[in-house]
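# Descriptive structure summary
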Amino acid sequence: MRWWALVAVTLGTFMTYLDNNVGNVALPTIQRELGLTISGLEWIVSSYILVFAGLMLVGGRLADLYGARRVFLAGLTVFTLASLAAGLAGSGGALIAARAVQGVGAALLTPTALTLITQIFPDPAERGRAVGVWSAAGALSMALGPLAGGFISEHLHWGWIYLINVPIGVVTFGLATWAVRPAFTRVRHRIDVPGLALSALALFALTYGLIEGEAAGWTSPEILAAFGVFAAAAVAFVLVERRAAEPMIAMSLFGARVFTGGLLTMGVWSFGVFGIYFFSALWLQNVLGFSPTEAGSAFVPMALLMGVVAILSQRISARFGIGRTVAVGMALMGTAIYLLSGVGADAGYADVLPWFLLYGLGGGLLVPLTAAVLGGMPRGRAGVASGVLNVSREVFGLLGITALGAIMSARQSGSAKGPLLAFLDAYQFTLIVAGVVVLAAIPVALYSLRTTRQEAEQAAVEPQATATVGSSN
């Protein structure tokens, strides 16, 4: 029953990841069909990210308060219905609104998925394998998403980009209702309304500023106001949480080496990788001359290798330690990004494949990082910890897109070469910067994720010392 529950949780996460990977390929088609401006097209993506990032902490807190199963099913329902609305949308406004509601569903789904895995698999070894399977589904979505998006864009109505989620959502809901039965003890009894409101306001403001900063101007009144609201709400959030009887996030969590170091490691990875992911698709098509389908296919071997290594990563980390495993993963990924910068305009797929595979190998080794962060959380805080972990990934990813995008734009505009060569030169330089950033996470991982002998002995007896109490939520 537990492994069927894992299938349900993994399917729900796979659906949200697939939606993003499929949708990006279809944006040009959607723009033509609905007659959207560039700004309208950007908001199809931005509305989702804005709501998703803004409400993830709320989703994690609700999971701790009401039970991860209930919140997971609620998020699954919202995401599925919003996907139906997005697929049937006849205007840009309707599609943007549906995408925002999808963000609500995803904000409930994503942190609760990891919380459910923590509750269903209390044994650390089994939990690590479960997180590996869950992570492999994310890698699989990277492989299938671009291919499915390209096929739908060329042969079907663009609405199927979102309608494909409906049958997946229905099947997942039925399977989760039957199989997901985690033990749940209510350890919190009230909603921290000020904490929920302030965290959402801070994340909304920060995400909006990062998304709109380049277009509106970083010194424009609206962007300065957004960052000002973020700063004020963040300070107020910390002050409120310090005084709350049942705080949304106990500030003591950030004193834990594994938790804080894990968040920073994940954030550095997101900064470097998210910042160059979007430009890689343009590079494959505009510089190397790949078709959209070929560009999507180029990522398939990388994603499949990442998925296989993700499943095996628990055994690897058990042998060599989580800190070393994650550090090696970061080293492989950073090296792959750096070596891609040497691929010239006359290169073919054979020149790209080795570095994509090296990247996939490293990416699969990062799975123990998630398991380590969640495994070290006190009972009843796994939901909000999952939310913080995902917020770290999204916010640092947006920072990477903003900062590395600005570096690339400045390099390209300052080049005296032709447009194509100027883009290639700027892209290669940005890859070098991103590779160095990812490599910078190696000492952080080695320090924060190291395991002492006392911690190893405690982990060994944890399954025997931990009793699961309570009823199904």
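Cut-offs used in this document
Residues numbered from 1 in each chain as written. Predicted model: local features only at pLDDT ≥ 70, side-chain atom pairs only at ≥ 80, totals over all residues. Heavy atoms only, no water. pLDDT = per-residue confidence, 0-100. Helix = DSSP H or I, 4+ residues; strand = E, 2+ residues; numbered from the N terminus. Contact = heavy atoms within 4.5 Å. Salt bridge = Lys/Arg side-chain N within 4 Å of Asp/Glu carboxyl O. Buried < 20%, exposed > 50% of the residue type's maximum accessible area, 1.4 Å probe, protein only. Expected span 1.5 Å × (residues − 1). Bend = angle between axes of the 7 residues up to and from the residue. Axes fitted to C-alpha atoms, helices over the stretch in contact; angles between N-to-C directions. Parallel < 35°, antiparallel > 145°, perpendicular 65-115°, else oblique. Nonpolar A, V, L, I, M, F, W, Y, C, P; charged D, E, K, R; others polar. Left-handed = near helix turned anticlockwise from the far one by under 90°. Core = buried A, V, L, I, M, F, W, Y, C linked by side-chain atoms within 4.5 Å.

## Structural notes on the confidence of the model for the protein chain
- With 88% of its residues at a pLDDT of at least 70, the protein chain reaches an overall mean of 80.
- For the protein chain, strand β2 (residues 471-472) is the element with the lowest average pLDDT, namely 34, and helix α3 (residues 68-87) is the one with the highest, namely 93.
- Predicted confidence for residues 452-473 stays below pLDDT 50, and this span has 30 contacts to residues more than four positions away or in other chains.

## Quick notes on the pattern of salt bridges
- According to the stated counting rule, one finds one salt bridge in the structure shown.
- Across the pair arginine 411 and aspartate 425 runs a salt bridge, and its minimum N-O distance is 3.0 Å. Of this pair, arginine 411 sits in helix α16 (residues 382-413) while aspartate 425 sits in helix α17 (residues 419-439); the two residues are 14 residues apart in sequence, bridging distant segments of the chain.
- Taking relative accessible area as the criterion, aspartate 425 reaches 17% and is therefore assigned buried.

## A closer look at helix α12 (residues 300-320)
- An ideal rise of 1.5 Å per residue puts 30 Å on 21 residues; α12 measures up with 28 Å between its terminal C-alpha atoms.
- In α12, a bend of some 50 degrees at leucine 312 exceeds every other bend along the element.
- Listed in full, the buried residues belonging to α12 are Val300, Met302, Ala303, Met306, Gly307, Val309, Ala310, Ser313, Gln314 and Ser317.
- Phi turns positive, to about 95 degrees, at glycine 321, one or two residues after α12.

## Comments concerning the packing of helix α13 (residues 322-340) against helix α18 (residues 441-448)
- Their axes nearest at 8 Å, the elements α13 and α18 cross at an angle of 170 degrees. Overall, the two elements α13 and α18 adopt an arrangement that is roughly antiparallel. Between α13 and α18, the residues in contact are Gly323, Arg324, Val326, Ala327, Met330 and Ala331 and Ala441, Ile442, Ala445 and Leu446, respectively.
- When grouped by side-chain class, the residues that make up the contact of α13 with α18 number eight nonpolar, one polar and one charged.

## Things to note about α13
- Taking 1.5 Å per residue as the helical rise, α13 with its 19 residues ought to reach 27 Å, and the 27 Å between its terminal C-alpha atoms agrees with that figure.
- Regarding α13, the residues found buried are Gly323, Thr325, Val326, Ala327, Gly329, Met330, Met333, Gly334, Ala336, Ile337 and Leu340.

## Focus on the packing of α3 against helix α7 (residues 165-179)
- Where α3 meets α7, the closest approach of the two axes is 9 Å, and the angle between their N-to-C directions is 160 degrees. Viewed along their axes, α3 and α7 adopt a mutual orientation that is roughly antiparallel. Handedness of the α3/α7 crossing: left-handed. Contacts between α3 and α7 involve Arg69, Phe72, Leu73, Leu76, Thr77, Phe79, Thr80, Ser83 and Leu84 from the first element and Asn165, Val166, Gly169, Thr172, Phe173, Ala176 and Thr177 from the second.
- Taken together, the residues that form the contact of α3 with α7 break down as eight nonpolar, seven polar and one charged.

## Remarks on the nonpolar core
- By size, the foremost hydrophobic cluster in this structure holds 119 residues, and its most contacted members are Ile30, Leu95, Trp283, Leu284 and Tyr359.
- With 13 residues, the top contributor of residues to this core is helix α1 (residues 2-34).
- Discounting residues that sit within four places of it in the chain, leucine 95 has contacts with Ile30, Leu34, Ile44, Ala86, Ala89, Trp158 and Tyr162.

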